[in-house]
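# Observations on chain architecture
The primary structure of each chain is shown beneath.
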Protein chains: 2
Amino acid sequence: MARIVMKFGGTSVGDLDRIRRVARLVASEAKQGNEVAVVVSAMSGETNRLVAMADDLSADSKLGGSIDDEYDAIVASGEQVTTGLLAIALRRLGITARSWQGWQLPLTTDGAHAVARIADINTDEISPSLSDGTVGVVAGFQGISPTGRIATLGRGGSDTSAVALAVALKADRCDIYTDVDGIYTTDPRIVPEARRLNRIAFEEMLELASLGAKVLQTRSVELAMNNNLPIRVLTSFTEDASENPGTLVCHEDETMEERVVSGVAYSRDEARITLMRLSDEPGIVARVCRAMAEANIIVDMIVQGRSAKKDVANLTFTVGKRDLDKAITALNNSREMIGFEGLKHDGNVCKVSIVGIGMRSHTGVAQTMFEALAERNINVQVIATSEIKISVLIDAEYTELAVRALHNAFNLAEAS
Amino acid sequence: MARIVMKFGGTSVGDLDRIRRVARLVASEAKQGNEVAVVVSAMSGETNRLVAMADDLSADSKLGGSIDDEYDAIVASGEQVTTGLLAIALRRLGITARSWQGWQLPLTTDGAHAVARIADINTDEISPSLSDGTVGVVAGFQGISPTGRIATLGRGGSDTSAVALAVALKADRCDIYTDVDGIYTTDPRIVPEARRLNRIAFEEMLELASLGAKVLQTRSVELAMNNNLPIRVLTSFTEDASENPGTLVCHEDETMEERVVSGVAYSRDEARITLMRLSDEPGIVARVCRAMAEANIIVDMIVQGRSAKKDVANLTFTVGKRDLDKAITALNNSREMIGFEGLKHDGNVCKVSIVGIGMRSHTGVAQTMFEALAERNINVQVIATSEIKISVLIDAEYTELAVRALHNAFNLAEAS
C-alpha cells in the first residue's frame, strides 16, 4: 500500500468521457488499497474562455490598477468545477471521494496574484481523510493569499500544486498524467525516431524543462528534486497500466550514468541583442545586467567578444522574445550609463541544447556537438554551458536540422 | 448617504454587455456616496450548463449515495465567475471594488447541501471594507456548511442571500434588480392592463410569492418582513433611475389600507386528490396528513365533504403536481390505516388567489369573488382562505378567464 498523488491536466479532463476515464484510472489505484489524492486542472478550453471574458471587461483599462486578484477569482472556478465532476464520477464507480478547493486545505501562497508561489500546504484535514480511504480530489493551480483572497499559481501551476501536495502529504510518488506517454529524447514531431526514456535524473529534467521541453513545469521538478520525490510522467489516454510505463524522474542511478546525453531540447522563444563598441572595462556586464533587472527582464545566454579596436568590446546576450521591445527601450534609456555605441537585435533565433548528467564524467561531448553542427554549416552565435548541458544559439531556420543532427550524433534513438 | 444592498439575477448579468450595464447602475449608487454591496447570481444559462454536466456523470448512480455536496461545489463556481467579472467592470469605471465568495465572508449555512438555509453571515471583514468605500461584490446562492464544504441555498437562493446580507449589514434597503420593473396586480401576459404597484405590504408579497408569483422568493420576503427591511423590486434593463421606480415591499402603511385587494395570483403546479367514503370520525384528517408527511409531501388546500351516506365523508386536498404519483402510492400503501374506499385524482387544476391586507377590514370580498366566478360558470372545487387571501381551485382551462374576471371585479387596473 502506498500513498500516491495523481495529477491530470486540462486535456486529460477535457470532456465528460475523459473525466470518466480519469475516474477509472484513479479507481484502479484506490482499489489496490492505495491512499490517493488527485490534483486536477480546469477542463481544456475553460481557462481560456474565462480569461477572454475578464480581458474583454478590462480592455484598455488604465483606471483601476491591477485586476489580477479578480482574474484569479474567475479562473480558479475552472478547477473547482473539475474537482466536483471527478468526485461525482468516482462515486459513480463506488469509490468514496470528495473535492478540496485551495482554500479548504488551505494551500497558502505568497499572494502574488496570477503568479503566486506556494508558501504552505496544510494537510491536517486532508491527510486523515485519505487515510480513511476517501480519495481527495484537489483543485490544482490555486490557493489563497495571506489575506484570504484566491490566488493562482500561473499557467502550468497544477504540476507544482501536485508535487507540493505530494511532498506535504509525504506521498511515495507523484504521477503526472498528460497527453504524452513520457519524456522523450527530443520532440518526436521533429525527430520521429525520438525515444521515450524509462528514467531521467531530476537535474536533467530540470535543464530540459527550462530549455524548452514543455512536459513538466520547471518549478515542479525543482520541488521534487529538493524533496527527493519521484515523479512519473505518463499518459491518461490508455487505461492499460502495463502499456503505460511512462518516464520516472528521480535521483540519478547507475543506469543513467552509462548515458552521456539524455536529450535534445530547443526553444524558439529567444531573442538576441548585441551591444557594440562598449568600453572594455570591468563592470560593464554588471551595468547591462542591472539595466535589464530594473526592467524586470531575465538575461539568459551572455558572451563578451573583443572587437577589432583595442579596449573596445561587443556584448551579446539573449532575452525572452516577448521582452525584446522592452529590453531595447531600457537599453536605449541607459545608453549613457552603460556606454555603448551601437545596438543590433534579432528575434529570429533558436536555442538548441543537449542535456545529460553523463557529461560530468565524459569528455568529447562538446567536440561531437560542434562537429555535428559544423558539418551542416550551422553557424553558432552564442554558447552557454553548465555541468550537464551545452546550449547554442543559432538562426531559427536551422532548428529542425540542428535537432536532428544532434539526436543522431549522440545515438539517442538507440536504447542505452 | 445610505448603505444599500443591490441584487442582480442571472438574466441581468447574462452577458458581458449586461455586466457592464450592471456596473454602471452600481457605480451610479456608489458615486452618490452610498456604501454598496452587490449580490450576483451566475450568468443565465451557466447554472444549467453546470448541472447538466453533474447530472450526466451521476446518471443512474445508486452506488455512491448523495452527490449534493459536489453538485454544490460545481454550481457555486457560476456565481464566483460573475463576482470577479463585475468587480473588473466596476474598476474599469474607476470604482474600487472586490469580490467576496460565500466562504470569504463567511456565510455559514445549516449544511443541507443544495437546499441549505443561512445560519449566520459574518460581516467583520466586509462591513469595514464597505465603509472604506470599496464596493463589495458578493456571490449569491452560496455559503459553507458547518464542516467547511460549499453549500448552496437552492434555486432562487440569491434573493435570500441579498436580503440576509442586507439585514446582517444593517443596510437601509435591499434593491432587487430583475427582468421585470416591479410587482404587478397580476401576470401581464394574462391581463395586459395589469398595473405595477408602487408599494406592497410584506404580508401581501409573502402570500403572492407562495401563491405562484415568481418575482421574489418566499424566504427572502419572510426574512425582510421579520427584520423590517424594505425591499425594492426594479428592472436592470434601464439605466434611467427616474424611469425605474419599481415596487417597494415594506410594512403596510395608510395608502395601502385603502386598497382591498392588491393582486391576483395563480399557480398551475397543483394536483387534486379526493379520498372517497372515509368513515366520518375524529382523527381521519390527521391520519391522511401523517401519511403525506411521512412521504415528505406538503398538503396545501384541504376540505372535508359529507357524502350522501350517513357517517361517511369524502376528503379532498391538493399536493404539488410533481408529488402526485408519490402521494397516490403513499395513500394506497396506507389504505387500511386511513380507511378509504376510493381515490380520485386530477392534475389538470389551477389555484387562483386574491390577496390584500384590506380584506382584514372589508366585508363583501368573498362575495364579489364568487359572484365574478359564478357569472363565468367557473366551478370552484376547493376553497382556502387566510386573513388576507382567498384561494380557489378550478379546472385549469379556466385559468385565464378567472384571473381576468377577478382582476376586473376588484378594479385592479385603476390606481388606488
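Criteria and cut-off values
Per chain, the residues get numbers from 1 upward, laid out in the order the sequence is written. For naming, the first written chain is A and the first written ligand is 1, with later ones following in the order written. A pLDDT threshold of at least 70 governs which residues receive local features in this predicted model, and a stricter bar of 80 or more applies before side-chain atom pairs are shown or counted, although totals over entire chains, interfaces and linings include all residues. What counts as a helix is a DSSP run of H or I of at least four residues, what counts as a strand is a run of E of at least two, and both are numbered from the N terminus. Here the globule rule is a power law, 2.2 Å times the number of residues to the power 0.38, and the radius of gyration is based on C-alpha atoms. For every residue, the other C-beta atoms within 10 Å of its own C-beta are counted; 20 or more classify it as buried, 12 or fewer as exposed, and values in between as partly exposed. C-beta atoms are placed from the backbone. Here contacts are defined at the residue level, using C-beta atoms placed from the backbone and a cut-off of 7 Å between them. Should DSSP find at least two bridges between two strands, the strands are regarded as paired. Inter-axis angles, ranging from 0 to 180 degrees, are taken between N-to-C directions of lines fitted to C-alpha atoms, where helices are fitted over the stretch in contact. By the convention adopted, Pro, Cys, Tyr, Trp, Phe, Met, Ile, Leu, Val and Ala count as nonpolar, Lys, Arg, Asp and Glu as charged, and the other residues, Gly among them, as polar. Only residues with pLDDT of at least 70 in both copies count here: their C-alpha atoms drive the least-squares fit that superposes the copies. Multiplying one less than the number of residues by 1.5 Å gives the expected span of a helix. Our arc is simply the arc of the directions from the helix axis toward the C-beta atoms. An angle below 35 degrees is read as roughly parallel, one above 145 as roughly antiparallel, one from 65 to 115 as roughly perpendicular, and any other as oblique. pLDDT expresses how confident the predictor is about each individual residue, on a scale running from 0 to 100. Left-handed is the label given to a crossing in which the near helix is rotated counterclockwise from the far helix by less than a right angle, and right-handed is the label when the rotation is clockwise.

### Topic: the overall build of chain A
- Along its length, chain A carries 13 helices and 20 strands.
- Over its C-alpha trace chain A gives a radius of gyration of 24 Å, about what one expects of a compact globule, namely 22 Å for 416 residues.
- By its C-alpha atoms, chain A is 75 × 60 × 30 Å across when sized along the principal axes.
- Burial analysis of chain A (416 residues in total) assigns 49% to the buried set.
- Within chain A, residue pairs in contact and separated by at least 24 positions form 76% of the contacts whose partners lie at least 6 positions apart.

### Looking at the sheet that holds strand E20 (residues 389-395) of chain B
Residues and elements named next belong to chain B.
- The strand order across the open sheet built from four strands is E13-E18-E20-E19, with neighbouring strands paired in antiparallel fashion. Taken across any chain shown, the strands that pair with only one partner, and hence form the sheet edges, are strand E13 (263-267) and strand E19 (382-386). Across the sheet, the axes of successive neighbouring strands diverge by a mean angle of 20 degrees, strand direction being ignored.
- Contacts from helix H6 (residues 202-210) reach E13, strand E18 (349-355) and E20, with the element oriented near 175 degrees to E18.
- Taken strand by strand, helix H13 (residues 399-409) contacts E13, E18 and E20, and its axis lies near 10 degrees from that of E18.

### Side note on the sheet that holds strand E20 (residues 389-395) of chain A
All names here are of chain A.
- Spatial strand order, E13-E18-E20-E19: four strands in an open sheet with antiparallel pairing. The sheet is open, and its two borders are formed by strand E13 (263-267) and strand E19 (382-386), each paired with just one other strand. Strand-to-strand, the axes of this sheet are offset by a mean angle of 20 degrees, without reference to chain direction.
- The sheet contact formed by strand E18 (residues 349-355) and E20 spans seven bridges and is antiparallel. When the bridges of E20 are listed, isoleucine 354 appears paired with isoleucine 390.
- Relative to the sheet, helix H13 (residues 399-409) contacts E13, E18 and E20, its axis offset from that of E18 by approximately 10 degrees.

### Considering the interface of chain A and chain B
- Contact residues are listed per partner, giving 33 residues for chain A and 33 residues for chain B.
- Listing elements by their share of the side of chain A that touches chain B, those giving two or more residues are helix H1 (16-31), helix H2 (46-58), helix H3 (68-92) and strand E3 (97-100) of chain A.
- At 15 residues, H3 of chain A tops the list of elements feeding residues into the side of chain A that touches chain B.
- Of the residues contributing to the side of chain A that touches chain B, the split by class is 16 nonpolar, 11 polar and six charged.

### Considering the relation of the copies chain A and chain B
- You can overlay chain A on chain B at an RMSD of 0.2 Å; the transform is a turn of 180 degrees with a shift of 0.1 Å along its axis. Such a combination of rotation and displacement between the chain copies is what one expects of a two-fold axis. Closest approach to the rotation axis within chain A is made by the C-alpha atom of serine 77 of chain A, at a distance of 2.6 Å.
- Interface residue correspondence from chain A to chain B reaches 100%, placing this contact among same-surface, isologous pairings.

### Quick word on helix H2 (residues 46-58) of chain B
- Spanning 13 residues, H2 of chain B covers 19 Å between terminal C-alpha atoms, matching the ideal 18 Å at 1.5 Å per step.
- All of the buried residues along H2 of chain B are Thr47, Leu50, Met53, Ala54 and Leu57 of chain B. One side of H2 of chain B carries all its buried residues, which in axial view fall inside an arc of 130 degrees. Turned more than 90 degrees away from the buried face of H2 of chain B sit Asn48, Ala52 and Asp55 of chain B, all of them exposed.
- Turning to H2 of chain B, the residues buried within the fold contact H1 and H3 of chain A together with helix H3 (68-92) of chain B.

### Observations concerning the packing of H3 of chain A against H3 of chain B
- Running from amino to carboxyl end, H3 of chain A crosses H3 of chain B at an angle of 170 degrees, the nearest separation of the two axes being 8 Å. On the basis of their axis angle, the class for H3 of chain A and H3 of chain B is roughly antiparallel. The residues of H3 of chain B that touch H3 of chain A, namely those facing Glu70, Ala73, Ile74, Ser77, Gln80, Val81, Thr83, Gly84, Leu85, Ala87 and Ile88 of chain A, are Glu70, Ala73, Ile74, Ser77, Gln80, Val81, Thr83, Gly84, Leu85, Ala87 and Ile88 of chain B.
- In terms of residue class, the contact of H3 of chain A with H3 of chain B is built from 12 nonpolar, eight polar and two charged.

### Notes on the environment of valine 285 of chain A
All names here are of chain A.
- By the secondary structure assignment, valine 285 is in helix H9 (residues 284-294).
- Put simply, valine 285 and phenylalanine 340 are 55 residues apart on the chain and 11 Å apart in space, counted from C-alpha to C-alpha.
- The contact partners of valine 285, leaving out residues within four places of it in the chain, are Ile302, Gln304 and Leu315.

### Focus: the confidence of the model for chain A
- Per-residue pLDDT for chain A has a mean of 91; in total, 96% of the residues score no lower than 70.
- Two summary scores accompany this predicted model of the complex, namely pTM at 0.85 and ipTM at 0.83.

### Details of the packing of helix H1 (residues 16-31) of chain B against H3 of chain B
Residue and element names in this part refer to chain B.
- Orientation of H1 relative to H3, taken along the N-to-C sense of each, is 60 degrees, at an axis distance of 9 Å. Between H1 and H3, the angle falls in the class oblique. Along this stretch, H1 crosses H3, giving a crossing that reads as right-handed. Contacts from Ile19, Arg20, Val22, Ala23, Val26 and Ala27 in H1 reach Leu85, Leu86, Ala89 and Leu90 in H3.
- Classifying every residue of the contact of H1 with H3 gives nine nonpolar, no polar and one charged.

### Structural notes on unusual backbone geometry
All names here are of chain A.
- Cis geometry is found at the peptide bond from leucine 105 to proline 106, where omega equals -10 degrees.
- Relative to the helices and strands, proline 106 is located in the loop between E3 and strand E4 (107-109).
- In this structure, asparagine 296 is a non-glycine residue whose phi angle is positive, near 65 degrees.
- Within the secondary structure, asparagine 296 is located in the loop between H9 and strand E15 (299-306).

### Some points on helix H9 (residues 284-294) of chain B
Residues and elements named next belong to chain B.
- Of the residues making up H9, those classed as buried are Val288, Ala291 and Met292. Each buried residue of H9 sits inside an arc of 95 degrees when the element is viewed along its axis, so together they form one side. Residues Ala286, Ala293 and Glu294 are exposed on H9 and point more than 90 degrees away from its buried face.
- Phi turns positive, to about 65 degrees, at asparagine 296, one or two residues after H9.

### Considering the environment of glutamine 217 of chain B
All names here are of chain B.
- Relative to the assigned elements, glutamine 217 resides in the loop between H6 and helix H7 (218-226).
- Judged by the 22 C-beta atoms lying within 10 Å of it, glutamine 217 falls in the buried class.
- For the pair glutamine 217 and serine 158, spaced 59 residues apart in the sequence, the C-alpha separation amounts to 8.9 Å.

### Things to note about the environment of lysine 389 of chain A
- Looking at the element boundaries, lysine 389 of chain A is found in strand E20.
- Judged by local crowding, lysine 389 of chain A falls into the buried class, with 25 C-beta atoms found within 10 Å.

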